[in-house]
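These are the residues of each chain, in order.
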Amino acid sequence: MLAPNREGWLCRCSCKLVFPVSCSLVKLLEETRQWWFINSKLQAVASRVAEEMGVKLGEEVGYTIRFEDVTNTDKTVVKFLTDGVLLREMMDDPLLSKYSVIMVDEAHERSISTDILLGLLRKIQRRRPDLRLIISSATIEAKSMASFFRSSKRHQEAGATDLGPSKEPAILSVEGRGFNVEIHYVEEPVPDYVQAAVSTVLLIHDQEPAGDILVFLTGQDDIDAAVRLLTEEVQSHGKKSHGLIVLPLFSGLPRADQDLVFSPTPRGKRKVVISTNIAETSLTMEGVVYVVDSGFSKQRFYNPISDIENLVVAPISKASARQRAGRAGRVRPGKCYRLYTEEYFVKQMSSEGIPEIQRSKLVSCVIQLKALGIDNILGFKWPASPSSEAMIRALEVLYSLGVLDDDAKLTSPVGFQVAEIPLDPMISKMILASDQLGCAEEILTIAAALSIQSIWVSGRGMQKELDEAKLRFAAAEGDHVTFLNVYKGFLQSGKSSDWCRRNFVNAHAMKKVIEIRAQLKRIAQRLGIVLKSCESDMTVLRKAVTAGFFANACRLEAYGHNGMYKTVRGSQEVYIHPSSVLFRVNPKWVVYHSLVSTDRQYMQNVITIEPSWLPEAAPHFYQQRQLGPSIH
DNA sequence: GAGCACTGC
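- Chain A has the name RNA helicase in an unreviewed UniProt entry, where Linum tenue is given as its organism.
- In UniProt, chain A has this text filed under Catalytic activity (unreviewed entry): "ATP + H2O = ADP + phosphate + H(+)".

**With respect to the sheet that holds strand 19 (residues 589-597)**
Strand pairing in a sheet relies on backbone hydrogen bonds, with the paired strands running either antiparallel or parallel.
Here's step 1: The sheet built from 5 strands closes into a barrel, its strands ordered 16-17-18-20-19 with mixed pairing. Taken over all neighbouring pairs, the strand axes of this sheet differ in orientation by 50° on average, direction set aside.

**Some remarks on the pattern of salt bridges**
Here's step 1: Following the criterion strictly, the structure yields 19 salt bridges and no others.
Here's step 2: For D498, the salt bridge is made with R501, and the minimal N-O distance between the two is 3.2 Å. One end of the pair is D498 and the other is R501, both in helix 18 (residues 497-502) and 3 residues apart, which spans about a single turn.
Here's step 3: You can call D498 partly exposed: its relative accessible area is 37%.
Here's step 4: When the shortest N-O distance is used, the salt bridge between D498 and R502 registers 2.8 Å. Note that D498 and R502 are positioned in helix 18 at a spacing of 4 residues, about one turn of the helix.
Here's step 5: Overlapping salt bridges bring together K79, E89 and K98 as one network.

**Quick word on the protein's contact with DNA strand B**
Here's step 1: Within the structure, DNA strand B sits among 31 residues, and R66, S251, K298, P422 and T598 are positioned closest to it.
Here's step 2: Of everything in DNA strand B that lies within 4 Å of the protein, sugar and phosphate atoms constitute 55%.
Here's step 3: Taking R66, its main chain carries an N or O atom lying 2.7 Å from a phosphate oxygen of DNA strand B.
Here's step 4: Sorting the residues of the surface near DNA strand B by element identifies helix 2 (38-52), helix 3 (83-92), strand 13 (296-303) and helix 16 (463-473) as the ones contributing at least two each.
Here's step 5: For the surface near DNA strand B, the element with the highest residue contribution is helix 3, accounting for 3 residues.
Here's step 6: Of the residues that constitute the surface near DNA strand B, the class distribution is 12 nonpolar, 12 polar and 7 charged.

Quick notes on the rules
Residues numbered from 1 in each chain as written. Chains lettered and ligands numbered in written order. Predicted model: local features only at pLDDT ≥ 70, side-chain atom pairs only at ≥ 80, totals over all residues. Heavy atoms only, no water. UniProt positions renumbered as here; feature names shortened; annotations may be inferred. Pairing = 2+ DSSP bridges. Helix = DSSP H or I, 4+ residues; strand = E, 2+ residues; numbered from the N terminus. Axes fitted to C-alpha atoms, helices over the stretch in contact; angles between N-to-C directions. Salt bridge = Lys/Arg side-chain N within 4 Å of Asp/Glu carboxyl O. Buried < 20%, exposed > 50% of the residue type's maximum accessible area, 1.4 Å probe, protein only. Near = heavy atom within 4 Å. Polar contact = N/O pair within 3.5 Å; in protein donor to acceptor, adjacent residues only side chain to side chain. Nonpolar A, V, L, I, M, F, W, Y, C, P; charged D, E, K, R; others polar.

Written as structure tokens, this is what we have:
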């Protein structure tokens, strides 16, 4: 019935309309200290609702998240799920016929899944006049949300099929609740927001009454710098900074360090948490009374021309700024210090951020829509349309993978199978290829490892040790085979976290690899993929990788170019990333998993291939002549 | 010899 996906769903709206128990939801969210995973919050809320209704969790009230389905087909009447899970359900049941009411929460956050979901719901309204929709969104977006669904109604009236009038969805506008937060701006623009943040923290500490401080910066670099400056201050003269406890917070930080942020502040002390955006929505700290907002965050941008996704530091939106400020008013009235001018806020800051769908590659998104039976992708009505260049890019990739045919329809069986696997289509294609090549056991591990950020601990400050640890697992074939070695070692250690620590492997990441691999194994078995091991035959394994990633093939330039590669298709200059085990090895032909661009384009996760495999893997994509005379 | 906002299936 409900489709919430973020912390704080329902908590700020009056939703008597939906639920007589909403008041207890509010109470629950205030009491819930399980801030860690959003999913555990969803779980906690479902469990509390079950309790309020006097039923057992998993019966009348249940929840479904990626790795957990706690529902009962015969009994469950209220179900909590993430938007991604609901989209997966739609593949089997496009009209969502088993639901009579769907509430989409936090629609204003505009994640890709939410946008796809809204577009689809708008579409199925016509076929499901009985379906009641409730969209909960920030006030600022409520109008555009309403008009998005209204325009669909006009469309329906003009349409040929007349299935009776459909009710318009109820749009609930939600407002941040909490105590009043006093906003302060700087008089003049600051030249260096890290330095400005540090000074502001010291000023607050010096002049304001007790209460913790939360500082929003952009990433680990900024955070390390600010922590260092503040720590030096604490250690040197101490007077201005006496009693300050300085703590960094970002997702790559080891769990134990993150936990420090949530330990109670000792009497007479003041905690300063220097954080990324993780503290903006994903988790909540009690005791914060002062917020320092740099006005920037790291955001993903995608350039469809170069086909490169990038993380860049960019100004935040007014909506983000308000969200950040709100973090100061959770326990009592607070103060927010914005490190930008009021004029800038009023006149230059955009009111909403750019929706994720306009900043991302669309390959996964397009295949999902195709699998949902949306044939005319370019005509799909979005809450915010992605660029047609990005769409076309995605269609090209899917066509080259053999997932779409000449009419841009899903191919059978490959297209449908790739859509079934909840990963990047290039990874999914690699898994399918591994079936014929007889190396699915290994490829599933590689697929899981490629699906997470990094299996290594975040390396700053212990680079040498991390490099040495990597060497213990390094494989001549490249990073993919190195993953296999790490995975083997991890299993042999009995999944020991001590083993992880000794080998600079991220234990939390390995846990995720295990979970994802288990899920992939279930799906693979459903698809009839034989889980065969290739033992020590790395050739078939490299061929399977090539079958998915042939579009990322690169050739080393002649000597004297210092490890410069060129992509076979686009002749783009690329280099092997120094974190790769093939860095400085520079084999002649490689395929990479992803590009990261800084001063150069760096290939991350690289494996050696034979060029003759390329036309085999994708004959329409690589004709022999393109590969030039160097194939032997 | 470099740099990893944050989710999600």
